[in-house]
Amino acid sequence: EIGTKQGITGFGMGGGGMAGALIIEKHLRDFLIGADALRVELLWDQMYASTLFYGRRGVTIMALSGVDLALWDLIGRFHDRPVYQLLGGPVKTKVPAYYTGTDVDFAIRRGFSAIKIPVTRGIRDGHEGMKQTEAELLRVREKIGEDRRLMIDANCQWDVPYTIEMLERLRPLKLAFVEEPLSPDDVLGYAEICRAAGTTRIASGEHEYTRHGYRMLLHHRAVDILQPDLTWCGGLTEIRRVAAMASAENLPVVPHRGGSAYGLNLILATPNCPLPES
């Protein structure tokens, strides 16, 4: 929560729990007290530079994200305009959302045209786990039909050989994308599976931070769909930079938790953001 002398208050959401709160209260606040809240780009760069030697990723950037989103909320209230108008205005009037979860019947009733299923089995479950996952997803595909898009989130539980075999097993399901099969640190592994994936796209970036991290994913061609989280990756200021980088590579940005108020403002104003997550 950030307030101004004029009585305007902005609200943001970050991450990192009490550790993130400590960074805001004992460090980042020093750059905010008495500052011009409208100079959001300058404030972002100052906060990032001042935390560089202990930050760069993780909880520090999560804390910075919350501050940045609160500043953008405050700026919108100052101008009495929704933030997407401040970003250049809407480039679309409606966007289809996708459902994440296991209640497929609920998703169908609510009219979702795309459904993402969290996968609970990984390397420790061996080939028997592969067969069970394959059977479960086949039942989902039969239930939702061919017209709805089907995606899965592997939750960083696989390695490269496991992923490549699963991609082959699941190819008949025509998955729209497979999300985070590997550890977010295994950028070269992601590059390898992207080369092997064929028509199935690989999505990642939920646990990446700042444009510098996404630059490595793009440099190594280690991603087909970027999924930054505004409350973790550096806030709205930084995700705009990431979206521009992705646009130059003709890649879509599908933000993690894009159905939030913060995510929707970005998506409405950004041409290569086609799909919010519900």
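Scroll up for the structure.
Residues numbered from 1 in each chain as written. Predicted model: local features only at pLDDT ≥ 70, side-chain atom pairs only at ≥ 80, totals over all residues. Heavy atoms only, no water.

Undergrad: Kindly report on the overall build of the chain, identifying the contributing residues and their values.
TA: Helix and strand content of the chain: 11 helices and 8 strands. Summarising its shape, the C-alpha atoms of the chain cover approximately 60 × 40 × 35 Å along the three principal directions. Counting across all 278 residues of the chain, residues that qualify as buried make up 50%. Excluding contacts between residues fewer than 6 apart, the proportion of contacts in the chain whose partners are at least 24 apart in sequence is 69%. Here the chain has roughly 13,300 Å² of accessible surface; of this, 52% comes from carbon and sulfur atoms. Looking at charge distribution, the chain has the averaged site of its 32 positive side-chain charges lying 4 Å from that of its 34 negative ones. (Helix = DSSP H or I, 4+ residues; strand = E, 2+ residues; numbered from the N terminus. Buried < 20%, exposed > 50% of the residue type's maximum accessible area, 1.4 Å probe, protein only. Contact = heavy atoms within 4.5 Å. Areas by Shrake-Rupley, 256 points an atom, 1.4 Å probe, with all protein chains shown as cover. Lys, Arg positive; Asp, Glu negative; His and termini not counted. Charge placed at Lys NZ, Arg CZ, Asp CG, Glu CD.)

Undergrad: If you had to explain the sheet that holds strand 3 (residues 99-100) to someone new, which residues and values would you point to?
TA: Read across the sheet, 6 strands follow the order 3-4-5-6-7-8 without closing on themselves; strand pairing throughout is parallel. On the outer flanks of this sheet lie strand 3 and strand 8 (225-226), each paired with one strand and no other. Relative to strand 5 (residues 149-153), strand 4 (residues 114-118) runs parallel, the two being bridged by 5 bridges. When the bridges of strand 5 are listed, Ile-115 appears paired with Leu-150. (Pairing = 2+ DSSP bridges.)

Undergrad: An account of the layout of surface pockets is requested, with residue identities and associated values reported.
TA: Here the idea is plain: a probe the size of a water molecule rolls over the atoms and shows the empty space left. The computed volume of the largest pocket comes to approximately 650 Å³. Looking at the largest pocket, it is lined by 30 residues, and the ones nearest its centre are Ile-2, Gly-3, Thr-4, Leu-32 and Leu-74. Listed by contribution, the elements that provide at least two residues to the lining of the largest pocket are strand 1 (2-3), helix 1 (17-26) and helix 3 (59-79). Residues of the lining of the largest pocket, tallied by class, amount to 17 nonpolar, 8 polar and 5 charged. In this structure, the second largest pocket encloses a volume near 280 Å³. Per element, the largest residue contribution to the lining of the second largest pocket is 6 residues, and it comes from helix 6 (residues 126-144). Of the residues assigned to the lining of the second largest pocket, the class counts are 6 nonpolar, 3 polar and 5 charged. (1 Å grid on protein atoms, 1.4 Å probe; cavity = no way out; pocket = protein on both sides within 12 Å on 5 of 7 lines; lining within 4 Å. Points joined across faces, edges and corners; volume = space filled by probe spheres on them. Nonpolar A, V, L, I, M, F, W, Y, C, P; charged D, E, K, R; others polar.)

Undergrad: An account of the pattern of salt bridges is requested, with residue identities and associated values reported.
TA: Summed over the entire model, instances satisfying the criterion amount to 15 salt bridges. For Glu-179, the salt bridge is made with Lys-116, and the minimal N-O distance between the two is 2.5 Å. Linking Glu-179 in strand 6 (residues 177-179) with Lys-116 in strand 4, this pair joins segments that are 63 residues apart in sequence. A salt bridge links Glu-277 to Lys-116, with the shortest nitrogen-to-oxygen separation between them at 3.1 Å. You can see Glu-277 sitting in the segment after helix 11 (261-269) and its partner Lys-116 sitting in strand 4, a full 161 residues away along the chain. For the pair shown, Glu-277 and Lys-116 are each scored as buried. Connected through shared salt-bridge partners, Glu-41, Asp-45, Arg-211, Glu-238 and Arg-241 make up one network. (Salt bridge = Lys/Arg side-chain N within 4 Å of Asp/Glu carboxyl O.)

Undergrad: I'd like a rundown of empty space enclosed by the protein, residues and numbers included.
TA: Under the definition given, this model contains 1 cavity of 30 Å³ or more. There is about 50 Å³ of room inside the largest cavity. Looking at the largest cavity, the residues that line it are Glu-180, Pro-184, Tyr-190, Ser-204, Gly-205, Glu-208 and Leu-217.

Undergrad: Can you tell me about the packing of aromatic side chains, naming the residues and giving the values?
TA: Per the stated rule, a full pass over the model turns up 5 aromatic pairs. Ring centres of Tyr-99 and Phe-112 lie 5.8 Å apart, and the angle between their planes is 45°; on these two criteria the pair is classed as tilted. Of this pair, Tyr-99 sits in strand 3 while Phe-112 is found in the loop between helix 5 (104-109) and strand 4, placing the two residues 13 residues apart along the sequence. With respect to class, Tyr-99 is no different from Phe-112; both count as buried. Three or more aromatic residues link up through ring pairs in this structure, and these residues are Tyr-99, Phe-106 and Phe-112. The positively charged end of Arg-241 is found above the aromatic ring belonging to Trp-44, 5.0 Å away from the centroid. (Phe/Tyr/Trp six-rings, centres within 6.5 Å; stacked < 30°, edge-to-face > 60°. Lys NZ or Arg CZ within 6 Å of the ring centre and 35° of its normal.)

Undergrad: So what's going on with the packing of helix 2 (residues 40-50) against helix 10 (residues 235-248)? Residues and values would help.
TA: Two elements in contact, helix 2 and helix 10, have axes separated by 9 Å at closest approach and are oriented at 95°. Considering the angle they form, helix 2 stands roughly perpendicular to helix 10. Of the residues in helix 10, those in contact with Val-40, Glu-41, Trp-44 and Asp-45 of helix 2 are Thr-237, Glu-238, Arg-240 and Arg-241. A class-by-class count of the residues in the contact of helix 2 with helix 10 yields 2 nonpolar, 1 polar and 5 charged. (Axes fitted to C-alpha atoms, helices over the stretch in contact; angles between N-to-C directions. Parallel < 35°, antiparallel > 145°, perpendicular 65-115°, else oblique.)

Undergrad: Describe the pairing of strand 4, naming the residues involved and giving the relevant values.
TA: Counting buried positions over the 5 residues of strand 4 gives 4, a clear majority of the element. Pairing of strand 3 with strand 4 involves 2 bridges; the strand directions are parallel. Following the sheet pairing, Tyr-99 is matched in strand 4 by Ile-115. Chirality of the crossover, the property in question, places the unit of strand 3, helix 5 and strand 4 among those that are right-handed. A crossover links strand 4 with its parallel partner strand 5, the connecting element being helix 6, and its sense is right-handed. (Right-handed = clockwise from strand over helix to strand, strands pointing away.)

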